[in-house]
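Each chain, letter by letter, is given below.
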Amino acid sequence: MKDDTVKLGLKPAGPATERPISIAIVAMGGQGGGVLTGWIVALAEAHGWVAQSTSVPGVAQRTGATIYYVEMMRPGAGGQKPVLAQMPTPGDVDVVIASEFMEAGRSILRGIVTPDRTTLIASSHRSLAISEKMAPGDSIADSSAVSDAIGVVAKQEIVFDMNAMAVRNGSVISSAMFGSLAASGTLPFEREAYYDVIRKGGKGIEASIRAFDAAYDRTTNGTDPEPTDAADTATPVAALPDSLRDKRANALLTRLRAELPEQAHAMAYLGLQKVVDFQDAAYGAEYLDILRDLTKSDSAANGAEHGFAFTATAAKYLANAMAYDDVIRVARIKTQSARRQRVADEVGLQDGQVLNTTEFMHPRMEEAASTLPAGLATWLKSRKSLYAWLDRRINKGRRVHTYRLTGFLPLHFVGALKVIRRKSLRHKSEVAHRDAWLADASQALARNYDLGIAMLTFRRLIKGYSDTHVRGHSKFDKVMQTTKSIAARDDAAEWAQRLLTSAIKDPSSKDLDGTIMTIESFSST
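For clarity, every value in this text was computed on a predicted model and none was experimentally measured.

Enquirer: Mind laying out the environment of Ser175, listing which residues take part and the relevant values?
Expert: Its location among the elements puts Ser175 in helix H6 (residues 173-184). Relative accessible area serves as the criterion here: at 1%, Ser175 is assigned to the buried category. The sequence separation of Ser175 and Ala207 amounts to 32 residues, and the corresponding C-alpha distance is 8.7 Å. Among all residues touching Ser175, those that are not within four sequence positions of it are Trp39, Ser208, Ala211 and Phe212.

The structure is reproduced here in structure tokens:
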């Protein structure tokens, strides 16, 4: 038989059994994957090893994680440097570190976790994907398949809630993952060497070491350690704290305590915080005014016997209704220093480096006009030719470089329009819809307490802006009108919940339309 194999006279660089240690890290933005990678590389190089790291970024907004890959190897006896790979190869990875449970599952699907070689280190907590967040209801994926697979496909498994452990110790998850890596025994370095790497980082050293130690002990002993003194002395989050983030609005807390039932305090505090952050203290006062009036209706409907559930539910959904998504809010978020710092931490920005950020935006004339004062926006919309001319110039995709003044200043200006938001056309329409919604719920409350609460929860259907907001409004109107048509029935609250569930589950509205047809069939008889 003819042998066409190409044979080259190359001498091996080392023994045939010599191979690098390979580590794959899958982490989402803000979870310190880059920091952890840097620590591992620094650890190897401190011991004279040759180490190389690469990364492939995932898609933004939690539709994919960044894959960091590290290979390390001792140099040859003659000082030869090894040739290291840039990406993990299925069946040839020693350690896989996943910062979130479903990312561990994706690593298994990629084939980089194998029972003969791989140590899998994963946090058991969940960070929901965009597909899980899109539905207004519960669309969280079942993680049991991942749990079942881990015990089969990994040589060694280290799985626990590393995120919670890091938070308890005042640090981030990368420190906990580093501690578990040290305890796994997969790297030939002493524990003190890991400390040295953390100390050279220069930021949050004590907290990082606390989280590292907690994870190390948890990995070694198999049980969660007792919280450290630092964690014990941390101020617990009270049901109703004494202050808001905006200190100018603290006087509103006195009103909250005096005017609302105790059962609604915790939710009302969170709602007040959200509304004040969205606008200002005066807007927070309006929030409490509305809740006070709803509490009166609740009391008149024997709300005390129901634990004032109507008021507590209203506190949640009213805050969501008042803190709606608009272009002003989006612009403020994208130009906040806290967001820029988060991005800088995520990419591991070093001293002397410049951070460049690009925002991908596609505004429409509809959003731009709705930001204008109501009178001006109405006048502009009535000039159809002018409106269409403006839309052709505004309605296009843009890349906004927010690290440049030419990109930052326009967004900052739009965010500053917060001061006129309450005069805008968008705010006017939101208030009208909000008041009608609360009036319907309060009217239902007088005859059927559970139905009143169910109508409050319909607000779950309205989210976002642009087309998403329009679709949500359409579903809301269908659900509300159908529910009002059967409000006199004793089982109206149950049917209201079925309508809401149908609207949440099916983006195409086929399930909702089917439920409505069922209701119409028995309503007409």
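Read on for the rest.
Enquirer: If you had to explain the pairing of strand E5 (residues 119-123) to someone new, which residues and values would you point to?
Expert: With five of five residues buried, E5 lies mostly within the body of the structure. Across the two faces of E5 the burial is the same, with Thr119, Ile121 and Ser123 and Leu120 and Ala122 all buried. By the bridge criterion, four bridges tie strand E4 (residues 95-98) to E5 in an arrangement that is parallel. Bridging across to E5, Ala98 finds its partner in Ala122. Each parallel crossover has a hand, and the one from E4 via helix H2 (residues 101-110) to E5 is right-handed. Here E5 runs beside strand E6 (residues 156-160); their pairing, made up of five bridges, is parallel. Counterpart to Thr119 in the pairing with E6 is Gln156.

Enquirer: Tell me about the nonpolar core, and please be specific about residues and values.
Expert: Most often, soluble globular proteins have nonpolar side chains that are buried together. The biggest cluster of nonpolar side chains holds 60 residues, and the ones touching the most others in it are Leu272, Tyr287, Leu291, Phe310, Trp437, Leu451 and Phe458. Each residue touching Phe310, except ones within four places of it in the same chain, is listed here: Leu294, Asp298, Ala441, Ser442, Leu445, Tyr449, Gly452, Ile453 and Leu456. Ile25, Trp39, Leu43 and Ile158 belong to the second-largest nonpolar core, a separate cluster that totals 40 residues.

Enquirer: Go over the sheet that holds strand E1 (residues 21-27), please, and point to the residues and values.
Expert: Taken in spatial order, the six strands make up an open sheet running E2-E3-E1-E4-E5-E6, and their pairing is mixed. What marks the edges here is a single partner per strand, and that holds for strand E2 (50-56) and E6. Mean inter-strand twist for the sheet, computed between neighbouring axes without regard to direction, equals 10°. Pairing geometry for E1 and E4, over four bridges, is parallel. Bridging across to E4, Ala24 finds its partner in Val96.

Enquirer: So what about a nonpolar patch on the surface? Which residues, and what values?
Expert: A grouping of Leu376, Trp379, Leu386 and Trp389 is seen on the molecular surface, where their side chains present a nonpolar patch of about 380 Å² in accessible area. Among the secondary structure elements, those contributing two or more residues to the nonpolar patch are helix H17 (374-382) and helix H18 (384-394). The exposure class assigned to Leu376 is partly exposed, which follows from its relative accessible area of 44%.

Enquirer: Can you lay out the pattern of salt bridges for me, pointing to particular residues and giving the numbers?
Expert: Per the stated rule, a full pass over the model turns up 26 salt bridges. The residue Arg117 makes a salt bridge to Asp94 at a minimum N-O spacing of 4.0 Å. With a gap of 23 residues between them, Arg117 in the loop between H2 and E5 and Asp94 in the loop between strand E3 (66-73) and E4 connect regions that are remote in the sequence. Judged by relative accessible area, which is 26%, Arg117 ranks as partly exposed. One network of salt bridges, in which partners are shared, links Arg255, Glu259, Asp289, Arg292 and Asp293.

How each quantity is defined
- Numbers given for residues are sequential positions, taken from 1 along each chain in its written order.
- In keeping with the model being predicted, local features are shown solely for residues with a pLDDT of at least 70 and side-chain atom pairs are shown and tallied solely at 80 or more, while totals for entire chains, interfaces and linings include all residues.
- Just so you know, side-chain values use all the structure's heavy atoms and leave hydrogens and water out.
- Secondary structure follows DSSP: runs of H or I at least 4 residues long count as helices, runs of E at least 2 residues long count as strands, and numbering of each begins at the N terminus.
- When a residue's accessible area, from a 1.4 Å probe over protein chains only, is under 20% of the maximum for its type it is buried; when over 50% it is exposed; and in between it is partly exposed.
- Contacts are assigned to residue pairs that have any heavy atoms within 4.5 Å of one another.
- The pairing criterion for strands is at least two bridges between them, as found by DSSP.
- With the strands aimed away from the viewer, a crossover counts as right-handed if its path from the first strand over the helix to the second runs clockwise.
- Here the nonpolar core consists of buried residues drawn from Ala, Val, Leu, Ile, Met, Phe, Trp, Tyr and Cys, with membership extended through side-chain atoms lying within 4.5 Å.
- Only the contacting stretch of a helix is used when fitting its axis, a line to C-alpha atoms as for every element, and angles between N-to-C directions run 0 to 180 degrees.
- The residues that make up patches have over 30% relative accessible area and no salt bridge, and they are joined within 9 Å when like-charged or within 5 Å when they are Val, Leu, Ile, Met, Phe, Trp or Tyr.
- The Shrake-Rupley method, run with a 1.4 Å probe sphere, supplies the accessible areas, and residue values consider only the shown protein chains as cover.
- We count a salt bridge whenever a side-chain nitrogen from Lys or Arg sits within 4 Å of a carboxyl oxygen from Asp or Glu.

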